[in-house]
Structure formats: C-alpha cells, structure tokens
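A look at the structure
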Amino acid sequence: MKRVAFICVHNSCRSQMAEAFGKVLGLEVFECFSAGTEKRAQINQDAVRIMKEIGIDMELHQRPKLLQDIPDVDIVVTMGCNVSCPTISCNHREDWGLDDPSGKSDEEFRFVRNVIKTKMEDLIHRIKSDLI
C-alpha cells in the first residue's frame, strides 16, 4: 500500500482536510499523513467545523505535525503554498495550488474543502489505476 503525505506550512488547515479525506475516501487505497514546515498548536477550528458539516471529525485522530514527524512516503502533495520539501524523498510529487482559506468566509472554506475532495478522488483513481 502506498503512503501519501499532504504538506503545507502550518499543517493546520488544507493539509489536515486532505489527510481527513484520505483517511475516509482512500482508506483501502493508501496510508496518509499530513505535516508542515511549521507547526500550530491545534487544527484550524474553522476547518474542523466545515469538515464536521459533512460528517468528518478531524479532531478525533489528527493533530498538527512537522515534516520529521511522519514516516517515509511514496507520494508528496503540497497544498499550494510553494513549500519545498527537500527532506522528503518520494516517487511522485504534485502541487494542488490551493489558496489558504484561514481567516476567510465559510464559503471560502467550503470551496477549498470541495476542491480537496475532488482532487482526492482523482488521486485515488490515479493510484488505483497505477498511473502514479
């Protein structure tokens, strides 16, 4: 089973939402992690609330982590914050180009959440089809 890491700066919002979707949608496809180059004390509470709207509770099994807190992975997905992850070796790397919704409206959070879900479904398809 492949391992996928979702990376952004603070590991408190976008990468956490991606990890949560990965643990639900990609459960039988890959093992997933998220991490950041800096660490916040907690997951962004707006992100937690917006994910709970669709039945996913990120606070149950997730916490902000640093890059060195996660194991080696096969695939690295950055969230769009121009984070370079030279310390994480992988077989495939891609950037999802997402703006950080922190401090913005619920509509912005929902938009980012929905884009992450769509991109996750595509990632799952590509992994299942051995395209990655």
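Please refer to the structure higher up on the page.
An account of the accompanying structure is given in this report. These numbers were taken from a predicted model, which means no experiment stands behind them. (Residues numbered from 1 in each chain as written. Predicted model: local features only at pLDDT ≥ 70, side-chain atom pairs only at ≥ 80, totals over all residues. Heavy atoms only, no water.)

Okay, helix 2 (residues 45–52) next. Since the α-helix advances by 3.6 residues per turn, residues separated by three or four positions end up pointing in the same direction. All buried positions along helix 2 are accounted for by Ala47, Val48, Ile50 and Met51. Summarising the contacts, the buried residues of helix 2 are in contact with helix 1 (14–25) and helix 3 (106–128). Where helix 2 begins, the capping side chain belongs to Asn44, and its oxygen is found 2.8 Å from the backbone nitrogen of Asp46. (Buried < 20%, exposed > 50% of the residue type's maximum accessible area, 1.4 Å probe, protein only. Helix = DSSP H or I, 4+ residues; strand = E, 2+ residues; numbered from the N terminus. Contact = heavy atoms within 4.5 Å. Polar contact = N/O pair within 3.5 Å; in protein donor to acceptor, adjacent residues only side chain to side chain.)

Along the polypeptide, Gly26 turns up in the loop between helix 1 and strand 2 (30–36). Separated by 48 residues in sequence, Gly26 and Asp74 have C-alpha atoms that sit 15 Å apart. Beyond its immediate stretch of four places on either side in the chain, Gly26 contacts Phe21 and Ile124.

Here the focus is the pairing of strand 2. In terms of burial, strand 2 is a largely internal element, six of the seven residues being buried. Looking at chain direction, strand 1 (residues 2–8) and strand 2 are connected through seven bridges and run parallel. Bridging from a neighbouring strand, Arg3 pairs with Glu31 of strand 2. The parallel pair strand 1 and strand 2, bridged by helix 1, forms a crossover whose chirality is right-handed. (Pairing = 2+ DSSP bridges. Right-handed = clockwise from strand over helix to strand, strands pointing away.)

Turning to the pairing of strand 3 (residues 75–78), a few remarks are in order. In strand 3, alternate side chains face the same way, and those of Ile75 and Val77 on one face and Val76 and Thr78 on the other are all buried. The pairing of strand 1 with strand 3 spans four bridges and is parallel. If you follow Phe6 over to strand 3, its bridge partner there is Val77. Bridge count between strand 3 and strand 4 (residues 92–95): four bridges; the pairing is parallel. Within strand 4, the residue paired with Ile75 across the bridge is His92.

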